[in-house]
Amino acid sequence: MSILVLADHNNQALNAATLNVVAAAQKIGGDITVLVAGSGAQAAADAAAKVAGVSKVLLADDAAYANQLAENVAKLIAAIGSGYTHILAASTTTGKNILPRAAALLDASMITDIIAVEGAKTFKRPIYAGNAIATVESSEAIVIGTVRGTAFDAVAAEGGSAAVEAVASTGDAGISKFVNEEIVKLDRPELTAARIVVSGGRGVGSGENYHTVLDPLADKLGAAQGASRAAVDAGFVPNDFQVGQTGKIVAPDLYIAVGISGAIQHLAGMKD
């Protein structure tokens, strides 16, 4: 078996979730190739080559991939994906944006949010906001799936010595363009990778109360900050703070929920 893992990166470094996807790929078994599609992304490719368990790294370096536009990257995956038995990506914004498009171009169905590998084509995934776990088996020639990073222990970022090979760009699909992005920079840990998370909900009352009450606690604990959808919808904090079924999935060692009712949609994002 040969597995293609789409790297989640910022052209300089790998997103830690990529290491969890490689761990899932190892449970499937076979040769693991990591695809780095970016612009000026040699550093990300070199980082991918050092990941334990990776056999080869493919680097597609082109301005068309600078901002990870889903239409462009999906076109690339469709061009090279037919040579693999599995194509995997992290269940991040990037992975969930790109892989369904690639699956459509390859005329294959896909499996989302894989949390366990039962066999080469058999996987477990949560349904009903995590209240039930479905075991699904793919009958596709190419298994395409997104992997929930919190369900797999990351492989080592060092220790590998894979070769980096250049692959030809498939160019700009011409159906979308990058306009701009607004990045919230925080001194605290990244939410999905944090060991401790402090979240606030509707019960904190206001954005002012959220920061007055929770900022000192998060600083003291060295914690990331999160929120329920109700707090985000009320404008207390930006939507990249949202934890839950329609937000980010977290699995910290300690989760502190302040003024959060515990609705099923929120629990789906932090129950692990």
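The structure displayed is predicted, hence computed values, not measured ones. (Residues numbered from 1 in each chain as written. Predicted model: local features only at pLDDT ≥ 70, side-chain atom pairs only at ≥ 80, totals over all residues. Heavy atoms only, no water.)

(A) Expanded view of the layout of surface pockets. The space that makes up the second largest pocket amounts to roughly 260 Å³. Together, 18 residues line the second largest pocket, and Ser228, Arg229, Ala230, Ala263 and His266 are the ones closest to its centre. Within the residue set of the lining of the second largest pocket, elements represented by two or more residues are helix H6 (229-233) and helix H7 (264-267). Partitioning the lining of the second largest pocket into residue classes produces 4 nonpolar, 12 polar and 2 charged. (1 Å grid on protein atoms, 1.4 Å probe; cavity = no way out; pocket = protein on both sides within 12 Å on 5 of 7 lines; lining within 4 Å. Points joined across faces, edges and corners; volume = space filled by probe spheres on them. Helix = DSSP H or I, 4+ residues; strand = E, 2+ residues; numbered from the N terminus. Nonpolar A, V, L, I, M, F, W, Y, C, P; charged D, E, K, R; others polar.)

(B) Structural context of the packing of helix H3 (residues 70-80) against helix H4 (residues 93-105). Their axes nearest at 8 Å, the elements H3 and H4 cross at an angle of 45 degrees. Taken together, the axes of H3 and H4 are oblique relative to one another. With respect to the hand of their crossing, H3 and H4 are arranged in right-handed fashion. The residues of H4 that touch H3, namely those facing Ala70, Glu71, Val73, Ala74, Lys75, Ile77 and Ala78, are Asn97, Ile98, Leu99, Arg101, Ala102 and Leu105. (Axes fitted to C-alpha atoms, helices over the stretch in contact; angles between N-to-C directions. Parallel < 35°, antiparallel > 145°, perpendicular 65-115°, else oblique. Left-handed = near helix turned anticlockwise from the far one by under 90°. Contact = heavy atoms within 4.5 Å.)

(C) Broad picture of the sheet that holds strand S11 (residues 196-200). Strand order in the open sheet made by the 3 strands is S12-S11-S13, with parallel pairing throughout. Each of the sheet's edge strands pairs with one partner strand only, and the pair in question is strand S12 (224-227) and strand S13 (254-258). Each strand of the sheet is rotated relative to its neighbour by a mean of 25 degrees, with strand direction disregarded. (Pairing = 2+ DSSP bridges.)

(D) Focus on empty space enclosed by the protein. Applying the stated criterion across every chain, the model contains 1 cavity of 30 Å³ or more. The space that makes up the largest cavity amounts to roughly 40 Å³. Lining the largest cavity are Leu6, Asp8, Thr18, Val21, Ala89, Ala90, Thr92, Thr94 and Gly95. Counting only elements with at least two residues in the lining of the largest cavity, the list comes to helix H1 (17-28), strand S4 (86-90) and H4. Along the lines of polarity and charge, the residues of the lining of the largest cavity split into 4 nonpolar, 4 polar and 1 charged.

(E) Local environment of the environment of glutamate 158. Considering the arrangement of structural elements, one finds glutamate 158 in the loop between strand S9 (143-147) and strand S10 (163-166). Overall, the relative accessible area of 54% leaves glutamate 158 in the exposed class. Those residues in contact with glutamate 158, other than ones at most four positions away along the chain, are Lys50 and Ala52. (Buried < 20%, exposed > 50% of the residue type's maximum accessible area, 1.4 Å probe, protein only.)

(F) Structural view of the pattern of salt bridges. Applying the stated rule across the entire model yields 6 salt bridges. For the salt bridge of glutamate 190 with lysine 248, the shortest nitrogen-to-oxygen distance reads 3.8 Å. Taken together, the residues span a long stretch of sequence, with glutamate 190 in the loop between S10 and S11 and lysine 248 in the loop between H6 and S13 at a distance of 58 residues. Between arginine 229 and aspartate 233 there is a salt bridge whose closest N-O contact spans 3.3 Å. (Salt bridge = Lys/Arg side-chain N within 4 Å of Asp/Glu carboxyl O.)

(G) The arrangement of the pairing of S11 in detail. Of all 5 residues in S11, 5 are buried, a share of seventy percent or more. With burial as the criterion, each face of S11 is covered, one bearing Ile196, Val198 and Gly200 and the other bearing Val197 and Ser199. As paired strands, S11 and S13 are joined by 5 bridges and run parallel to one another. Along S13, the bridge assignment pairs serine 199 with alanine 257. Of the crossover connections in this fold, the one passing from S11 over helix H5 (residues 207-221) to the parallel S12 is right-handed. (Right-handed = clockwise from strand over helix to strand, strands pointing away.)

(H) Summary view of unusual backbone geometry. Residues other than glycine seldom take positive phi values, yet glutamine 68 does so here, at roughly 55 degrees. Here glutamine 68 lies in the loop between strand S3 (56-61) and H3. Exposure remark for glutamine 68: the relative accessible area of 12% places this residue in the buried category. One non-glycine residue, aspartate 107, lies in positive phi territory at about 55 degrees. Position of aspartate 107 relative to the elements: it lies in the loop between H4 and strand S5 (110-114).

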